[in-house]
2 protein chains.
Amino acid sequence: MTSTHDIVVDQVQESRVGTTNFDNLIFGKTFTDHMLECTWRDGKWETAHIKPYGPIMVEPSSKVFHYGQAIFEGMKAFKDAQGNVHLFRPEDNWIRFNESAKRLAMPTVPEEIFMDGLKKLVDLDREWVRQGDGVSLYLRPFMIASENGVAAAPSTEYKFMIVMSPARAYYRGDVRVIIASQFSRAADGGVGYAKAAGNYAASFYPNNLALEEGYQQIIWTDAATHEYLEEAGTMNIFVRIGDKLLTSPHNDRILNGVTRRSVIQLAKDHNIDVEERRVSVKEMNEAAANGELKEIFGTGTAAVIVPVLGYKHEDFVHDLPAVDDSYATLFKQKLSDIHYNRVNDEHEWLVKI
Amino acid sequence: MTSTHDIVVDQVQESRVGTTNFDNLIFGKTFTDHMLECTWRDGKWETAHIKPYGPIMVEPSSKVFHYGQAIFEGMKAFKDAQGNVHLFRPEDNWIRFNESAKRLAMPTVPEEIFMDGLKKLVDLDREWVRQGDGVSLYLRPFMIASENGVAAAPSTEYKFMIVMSPARAYYRGDVRVIIASQFSRAADGGVGYAKAAGNYAASFYPNNLALEEGYQQIIWTDAATHEYLEEAGTMNIFVRIGDKLLTSPHNDRILNGVTRRSVIQLAKDHNIDVEERRVSVKEMNEAAANGELKEIFGTGTAAVIVPVLGYKHEDFVHDLPAVDDSYATLFKQKLSDIHYNRVNDEHEWLVKI
Ligand SMILES: Cc1ncc(COP(=O)(O)O)c(C=O)c1O
Ligand SMILES: Cc1ncc(COP(=O)(O)O)c(C=O)c1O
């Protein structure tokens, strides 16, 4: 055991990296040699531990199982052609993690634990970050309520953990979506803007119904009227009408995506007219009908940019046209160039490990 | 190990019941000797096991920690003066559990596992059910997503468990409430009607703000307009205006409480005029101002009936008057008489173990 910056490190005897088949990975199923674990108790964070990845012992009365106090982040590390490893805008995830924590009545995690822990962990398992376009190490910081007891009140103990999973180039298959007109993901004054575990569970059943109809995702609309586009399961949504790019403003129902923010910046860099404003389903349907709707795409860490091939809204079904000058393709390319350090990182989004 | 009805039982060597101080219990902190555990895998429920209460091993990538697929029920067993143990309307909880399961894209639990497992478990730990008004054994069936993997999709494995905690007469202290006008608990088309773990986590932060202002609970209102009363954290809400009892209809935002349903029946039995309809905050405030508002009370398994002493809505603060013929007191008494089998159980709500 060695100690760095108050993080105690217990390394594995033998790495599993040599016996891992990186060509055959299922997303989120394989984990690296190490994980980070840190306990919050008696009102403070104890020493963080990096240790071999493995199961933890929890009581069945652990509050996370009953009252869902659980939040997470999703971020990636990339390896460039020179073999250097970079994180992409990790501060943004740390800040958002703590915003989620606050809304879920959980303690915030200080930079020395979140950021230093993350860097130390990625450094230790850097062999798990492979080269190749689309290839990355997916990083999953998360926090769970770990007090034992079934009284419905905030936990007095928490565990902050980071696990990491190697990911190959992500091909999601064709994506057609349903525009929600019955179910909803988040309430005004609720927790939609937080990466709260319960938000995702709530979306699975409607998403299963969409899958049965042959649609892979749902674009959520506002719960009160179902008139305005919000976001998809794990992606923010952009709509291109003519040459104008539109995306909903983030609010207390919509996650403020790091990829979304990056795409808005890249659009500005490329003199693309981009507006953050409410986008109505009616407006989109009308643009579809008169040929002005050129693209819909989702943005998120896991899949980066996902073009939507078609959508259904109530009885209206529409296939998106093929476009020569696809914004989705442009942004995907530009983001990859930054991720793999192939261009000048003018916005200083990369953090070298 | 013995096997009954396909439930495998592994009994403790020595019970902890003799060393438990029943006069000094903190709600939900002490658990009985045994618990039930049953795994769903490859599309079916495996054999249920009753075993000594204790920690379980789970991977940090277990889906419940990341995507919040977790539901629960809360119910009670009571011991009557003759020493018989009864459950109160357990079928209602089983049915509701499976409605929650469906909405959270989880498998339903068959009667042989939920109900037979519950009965077998209560039977085995019947020494933990103590006599005394207000005394009970709190039963907590729950289900968690147990597949390992951080892809945002429904789990392919689940654990159904039951744990049980002895509870003494519940005194919650004075309860004053804030009527929500900013935060909300549930969206139309969301999961408010389900006992989904994430719903509770979402309510803790607003509830902490209420506590800081000196209010113990929040009465949620509809997320879209904040004009209509919904329910409290773990209780449905009744309002008495004049001699009329009002409570919100249950819908996809509001849990269909077993205590609520029982109170409505008891009101009818006592020729009390009870209406299930939307109750507006405006109507309540007006009744408060003109002296017609006689009572507000919450109903739920844990605390049974909780009178609300006062409330705050934006700038309007109101204390409830003392009433001689309190409905809350009446229903509390009537429900206790049934729980402890002191009166004829005309609606057949008790199930003897
Ligand atoms: C609900 C939701 N919306 C949008 C996103 C996209 O956010 P980001 O670009 O930060 O990954 C995510 C996360 O990946 C998400 O979970
Ligand atoms: C949100 C919510 N509302 C109401 C209730 C009351 O339901 P019941 O009377 O079935 O306990 C509960 C559970 O106890 C609850 O969690």
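As the structure is a prediction and not an experimental result, all values here were calculated from the model.

**What about the packing of helix 2 (residues 90-103) of chain A against helix 3 (residues 111-124) of chain A?**
Residues and elements named next belong to chain A.
- Contact geometry of helix 2 with helix 3 gives a least axis separation of 11 Å together with a crossing angle of 145 degrees. As for how helix 2 packs across helix 3, the hand of that crossing is right-handed. Listed contacts from helix 3 to Pro-90, Glu-91, Asn-93, Trp-94 and Phe-97 of helix 2 are Glu-111, Phe-114 and Met-115.
- Here the residues of the contact of helix 2 with helix 3 sort into 5 nonpolar, 1 polar and 2 charged.

**Regarding the sheet that holds strand 14 (residues 236-241) of chain B**
Residues and elements named next belong to chain B.
- Spatially, the 5 strands line up as an open sheet ordered 16-15-14-17-18, and their pairing is mixed. Unpaired on one side and paired on the other, strand 16 (274-276) and strand 18 (304-307) mark the two borders of the sheet. Adjacent strand axes in the sheet meet at a mean angle of 25 degrees, parallel and antiparallel pairs treated alike.
- One ladder, built from 3 bridges, connects strand 15 (residues 244-247) with strand 16; its direction is parallel. Opposite Thr-247, over in strand 16, you have Glu-276 as the bridge partner.
- The strands touched by helix 6 (residues 281-289) within the sheet are strand 14, strand 15 and strand 17 (293-300), with strand 17 carrying the most contacts at an inclination of about 135 degrees.
- Relative to strand 18, helix 7 (residues 327-339) is tilted by about 160 degrees, and along the sheet it contacts strand 14, strand 15, strand 17 and strand 18.

**With respect to the packing of aromatic side chains**
- Going through the model one piece at a time under the given rule, you end up with 41 aromatic pairs over all chains.
- With a centroid separation of 4.9 Å and an interplanar angle of 5 degrees, the aromatic rings of A:Phe31 and A:Tyr53 are classed as stacked. Placement of the pair is A:Phe31 in the loop between strand 2 (7-9) and strand 3 (34-41) and A:Tyr53 in the loop between strand 5 (48-52) and strand 6 (56-58), with a sequence separation of 22 residues.
- Here the aromatic rings of B:Phe78 and B:Tyr340 are separated by 5.3 Å at their centres, their planes lie at 80 degrees, and the arrangement is edge-to-face. Highlighted residues: B:Phe78 in strand 8 (residues 75-79) and B:Tyr340 in the loop between helix 7 and strand 21 (350-352), separated in sequence by 262 residues.
- By the ring-pair criterion, three or more aromatic residues cluster together here, those being A:Trp45, A:Phe97, A:Phe114 and A:Phe160.
- Sitting over the ring of A:Tyr327, A:Arg240 keeps its end group 3.7 Å from the ring centre.

**What to know about helix 7 (residues 327-339) of chain A**
Residue and element names in this part refer to chain A.
- Taking 1.5 Å of rise per residue, the 13 residues of helix 7 would be expected to cover 18 Å, and the 18 Å separating its terminal C-alpha atoms lies within 8% of that figure.
- The complete set of buried residues in helix 7 reads Tyr-327, Ala-328, Phe-331, Leu-335, Ser-336, Asp-337, Ile-338 and His-339.
- The opening residue of helix 7 is Ser-326, an N-cap whose side-chain oxygen sits 3.1 Å from the backbone nitrogen of Ala-328.
- Positive backbone phi, at 60 degrees, marks Asn-341, one or two positions downstream of helix 7.

**With respect to the site of ligand 1**
Residues and elements named next belong to chain A.
- The local shell around ligand 1 holds 16 residues, among which Lys-195, Tyr-200, Glu-231, Thr-259 and Thr-301 are the closest.
- Within the backbone of Val-258, one N or O atom sits 2.7 Å away from an oxygen atom of ligand 1.
- One of the side-chain nitrogen or oxygen atoms of Thr-259 is found 2.5 Å away from an oxygen atom of ligand 1.
- In isolation ligand 1 exposes 380 Å². Once the protein is present, 97% of that is buried.

**Notes on the pattern of salt bridges**
Residues and elements named next belong to chain A.
- For the coordinates displayed, the defined rule picks out 54 salt bridges over all chains.
- Among the salt bridges present, the one from Asp-92 reaches Arg-261, with a minimum N-O distance of 2.2 Å. Residue Asp-92 is located in helix 2, and its partner Arg-261 is located in helix 5 (residues 258-269); the two are separated by 169 residues in the primary sequence.
- Residue class for Asp-92 comes out buried when judged on its relative accessible area of 17%.

**A few points about the interface of chain B and chain A**
- At the junction of the two partners, chain B supplies 61 residues and chain A supplies 61 residues.
- When the buried surface of chain B facing chain A is broken down by residue, B:Pro60, B:Phe65 and B:Phe204 rank first, second and third, together holding 14% of it.
- Here chain B is connected to chain A by 2 salt bridges.
- A salt bridge links B:Glu147 to A:Lys29, with the shortest nitrogen-to-oxygen separation between them at 2.9 Å.
- Counting residues per element, the ones that place at least two in the side of chain B that touches chain A are strand 6 (56-58), helix 1 (63-67), strand 7 (70-72), helix 2 (90-103), strand 10 (136-145), strand 11 (158-167) and helix 4 (197-212) of chain B.
- With 9 residues, the single largest contributor to the side of chain B that touches chain A is helix 4 of chain B.
- Its residues assigned to classes, the side of chain B that touches chain A comprises 39 nonpolar, 15 polar and 7 charged.
- In this sheet, strand 6 of chain B lies alongside strand 6 of chain A in antiparallel orientation, the contact comprising 3 bridges. Its bridge partner lying in strand 6 of chain B, A:Ile56 is registered against B:Val58.

**Re the sheet that holds strand 19 (residues 310-313) of chain A**
Residues and elements named next belong to chain A.
- Strands sit in the order 13-12-19-20 across an open sheet of 4 strands; the sheet is mixed. Looking at strand neighbours, the two that pair on one side only are strand 13 (217-219) and strand 20 (316-319), the edges of this open sheet. Pairs of neighbouring strands in the sheet enclose a mean axial angle of 25 degrees, with direction left out of account.
- For strand 12 (residues 176-179) and strand 13, the ladder comprises 3 bridges, and the chain directions are parallel. The partner of Ile-178 across the bridge, within strand 13, is Ile-218.
- Strands in contact with helix 6 (residues 281-289) are strand 12, strand 19 and strand 20; relative to strand 19, the strand with the most contacts, it is inclined by about 125 degrees.

**Focus: the side chain of B:Asn207**
- Of note, B:Asn207 is situated in helix 4.
- In this structure, B:Asn207 is in contact with B:Gln216, B:Gln217 and B:Ile218, ignoring residues within four places of it in sequence.

**Let's talk about the domain arrangement of chain A**
Residues and elements named next belong to chain A.
- When cut into domains, chain A gives domain 1 (2-168) and domain 2 (176-339).
- For domain 1 versus domain 2, the distance between C-alpha centres works out to 28 Å.
- Opposite the 20 residues of domain 1 that make contact, domain 2 presents 22 residues.
- Carbon and sulfur atoms make up 60% of the surface buried where domain 1 meets domain 2, a total of about 1800 Å² over both sides.
- At the boundary of domain 1 and domain 2, one finds 1 salt bridge.
- Connecting domain 1 to domain 2 are 10 residue pairs in polar contact (both at pLDDT 80 or more).
- Secondary-structure elements contributing two or more residues to the side of domain 1 that touches domain 2 are strand 7 (70-72), strand 8 (75-79) and helix 2.
- Counting residues per element, the side of domain 1 that touches domain 2 draws most heavily on helix 2, at 6 residues.
- Across the side of domain 1 that touches domain 2, the residue classes break down as 9 nonpolar, 3 polar and 8 charged.

Parameters at a glance
Residues numbered from 1 in each chain as written. Chains lettered and ligands numbered in written order. Predicted model: local features only at pLDDT ≥ 70, side-chain atom pairs only at ≥ 80, totals over all residues. Heavy atoms only, no water. Axes fitted to C-alpha atoms, helices over the stretch in contact; angles between N-to-C directions. Helix = DSSP H or I, 4+ residues; strand = E, 2+ residues; numbered from the N terminus. Left-handed = near helix turned anticlockwise from the far one by under 90°. Contact = heavy atoms within 4.5 Å. Nonpolar A, V, L, I, M, F, W, Y, C, P; charged D, E, K, R; others polar. Pairing = 2+ DSSP bridges. Phe/Tyr/Trp six-rings, centres within 6.5 Å; stacked < 30°, edge-to-face > 60°. Lys NZ or Arg CZ within 6 Å of the ring centre and 35° of its normal. Expected span 1.5 Å × (residues − 1). Buried < 20%, exposed > 50% of the residue type's maximum accessible area, 1.4 Å probe, protein only. Polar contact = N/O pair within 3.5 Å; in protein donor to acceptor, adjacent residues only side chain to side chain. Near = heavy atom within 4 Å. Areas by Shrake-Rupley, 256 points an atom, 1.4 Å probe, with all protein chains shown as cover. Salt bridge = Lys/Arg side-chain N within 4 Å of Asp/Glu carboxyl O. Buried area = accessible area lost by both parts, 1.4 Å probe. Domains from an automatic or database assignment.

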